[in-house]
Amino acid sequence: MASPRRGSSYPKPMPNPKPMPKPKPMPKPKPMPKPKPKPKPKPNPNQALQLLPPEEVLSAGYLYEEYDAAAIEAMLLRLSPERCCVTHISRSCAPLATQRETWCGTAHRCA
């Protein structure tokens, strides 16, 4: 390594700075809580047909203690085309929307 030339202007060395104070000790970390076990998710009806055996498809994650034919029949009688609500969303139906929704002003039509 070549020695510096005489008369060159190197920066003067900096004086030693004051010693830094010792850092404060970090507090001990709190222990992490044990994770709670996650409940097993119940399959939705679409998954139930693929994941469950045929005898468990109707319960789809729920266990029924008793078979009540009258309650099932009463529920089936309530399911009818007159009681269903069908929503069809399409730009081609825009001219048919004659009503306006109160809050957002969305055009719609109830048939």
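Computed from a predicted structure; not experimentally measured. (Residues numbered from 1 in each chain as written. Predicted model: local features only at pLDDT ≥ 70, side-chain atom pairs only at ≥ 80, totals over all residues. Heavy atoms only, no water.)

**Let's talk about the overall build of the protein**
Note the following rule: Here a strand is any run of E in DSSP of at least two residues, a helix any run of H or I of at least four, and the numbering for each starts at the N terminus. Only protein chains enter the calculation, and the probe is 1.4 Å; a residue is then buried if its accessible area is under 20% of its type maximum, exposed if over 50%, and partly exposed in between. Here the accessible surface of atoms and residues is derived via Shrake-Rupley with a 1.4 Å probe, and residues count as covered only by protein chains that are part of the display.
Across its full length, the protein carries two helices and two strands. Beginning at the N terminus, the succession of helices and strands in the protein can be written as α-α-β-β. A burial count over the protein gives 4% of its 111 residues as buried. When the accessible area of the protein is evaluated, it comes to approximately 12700 Å², of which 62% is carbon and sulfur surface.

**Some words on the layout of surface pockets**
Condition: Grid points spaced at 1 Å over the protein atoms alone were grouped into cavities, where a 1.4 Å probe fits but cannot get out, and pockets, open sets with protein on both sides within 12 Å along at least five of seven lines, with lining residues defined by an atom within 4 Å of a point. Grid points are joined across faces, edges and corners, and a volume is the space filled by probe spheres set on the points. The residue classification treats Ala, Val, Leu, Ile, Met, Phe, Trp, Tyr, Cys and Pro as nonpolar and Asp, Glu, Lys and Arg as charged. All others, Gly included, are polar.
Quantified by volume, the largest pocket comes out at close to 520 Å³. His88, Cys93, His108, Arg109 and Cys110 are the residues nearest the centre of the largest pocket, which is lined by 15 residues in total. Of the residues contributing to the lining of the largest pocket, the split by class is 10 nonpolar, four polar and one charged.

**Structural notes on a nonpolar patch on the surface**
The line we're drawing: Here a patch means residues that are over 30% exposed by relative accessible area and free of salt bridges, tied together within 9 Å if like-charged and within 5 Å if nonpolar (Val, Leu, Ile, Met, Phe, Trp, Tyr). Salt bridge, as used here: a side-chain nitrogen of Lys or Arg that lies within 4 Å of a carboxyl oxygen of Asp or Glu.
Nonpolar side chains collect at one region of the surface, where Tyr67, Ile72, Met75, Leu76 and Leu79 lie side by side and expose about 590 Å² of accessible area between them. With respect to the element layout, Ile72 can be found in helix H2 (residues 69–78). Judged by its relative accessible area of 40%, Ile72 falls in the partly exposed class.

**Thoughts on the state of the cysteines**
For the record, the criterion: Cysteine sulfur atoms are paired as a disulfide whenever they come within 2.5 Å of each other.
Enumeration over the complete set of coordinates arrives at zero disulfides. Cys85 provides the cysteine sulfur closest to Cys110, a residue in no disulfide bond, and the two sulfurs are 8.0 Å apart.

**Section: the confidence of the model for the protein**
Note the cut-off: pLDDT expresses how confident the predictor is about each individual residue, on a scale running from 0 to 100.
Overall, the prediction assigns the protein a mean pLDDT of 78, with 78% of residues at 70 or greater. Per-residue pLDDT, averaged within each element of the protein, yields its smallest value for helix H1 (residues 45–51) (71) and its largest for strand S1 (residues 99–100) (90).

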